[in-house]
Amino acid sequence: MHYEREDLGFSFDLPEGWRRDEHNLTLTFYGPKGGLGIVSELIQIQIGGILPQYFSPENREKFLAEPGAQVFRATVGGETNAVVLKRARDSEISVVRDGVHYTIAYCHDSATEAAIERLKQTARFPSQQQAQLALQSWSDPRQQAIARM
C-alpha cells in the first residue's frame, strides 16, 4: 500500500493488505486483521509543528523519557532526527524535519513491526520549501477553517 499526501510531499509504503481508515481524524492505518477497537495491526500518524526547543533529538529524548520505557535514536526515510519511545505495549517515533514534527504511534505485534520497518525504509519527506508552506498554512486560521470543510 502506498500513502502520499501530495499537498505536503510526504509519502511511505506499507505491506499489502494494510489500509487507511478514511473516517478517523488522525491518520490511521490498519493491517489485514486490524480494525476499529482492535489493539493490534494499528499505526497512527500526526503531522504538525513543534516548539523550537524540541527540534534537537537530545531534547526530545529527555522529554519522552518515562519509567520502564526505552528511548533511542532511529533513521526514518534517511532522516536521522528521529527518536523512538518504546513502551511495553506500544511505541512512538518522533521525527523532526524542516520544522515539521511527524509522530508515528504503533502497536507491538509482528505485522505492525514489519509495517513500521517498511515505513521507515520508504518514507519520503517534503522539501524545506514545501514544509514551510505547510506550516504557514496550518497556522493561518482562515486556511484551517477551509481545510476542515
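Before any of the text, the structure's been laid out above.
My aim in this report is to walk through the structure given alongside it, one point at a time. (Residues numbered from 1 in each chain as written. Predicted model: local features only at pLDDT ≥ 70, side-chain atom pairs only at ≥ 80, totals over all residues. Heavy atoms only, no water.)

A word on the pattern of salt bridges
Consideration 1: The full count for this structure, using the stated rule, is seven salt bridges.
Consideration 2: For Glu66, the salt bridge identified is with Arg87, shortest N-O distance 3.9 Å. Of the two residues, Glu66 is situated in the loop between α1 (57-64) and β6 (70-76) and Arg87 in the loop between β7 (79-86) and β8 (90-97); the sequence distance between them amounts to 21 residues.
Consideration 3: Residue Glu66 is classed as partly exposed on the basis of its relative accessible area, which comes to 34%.
Consideration 4: Notably, a salt bridge pairs Arg87 with Asp90, separated by 3.1 Å at the nearest N-O pair.
Consideration 5: Judged by relative accessible area, Arg87 falls into the partly exposed class, the value being 26%.
Consideration 6: Under the relative-accessibility criterion, Asp90 is labelled partly exposed at 29%.
Consideration 7: Via salt bridges that share partners, Glu58, Glu61 and Arg73 belong to a single interconnected network. (Salt bridge = Lys/Arg side-chain N within 4 Å of Asp/Glu carboxyl O. Helix = DSSP H or I, 4+ residues; strand = E, 2+ residues; numbered from the N terminus. Buried < 20%, exposed > 50% of the residue type's maximum accessible area, 1.4 Å probe, protein only.)

Details of α1
Consideration 1: When we look at burial in α1, the residues that qualify are Pro57, Arg60 and Leu64. Mapping the buried residues of α1 onto a view down its axis gives an arc of 60°, with all of them on the same face. Seen from the buried face of α1, the exposed residues on the opposite side, beyond 90 degrees, are Lys62 and Phe63.
Consideration 2: For α1, the secondary structure elements touched by its buried residues are β6, β7, β8 and β9 (100-107). (Arc of directions from axis to C-beta. Contact = heavy atoms within 4.5 Å.)

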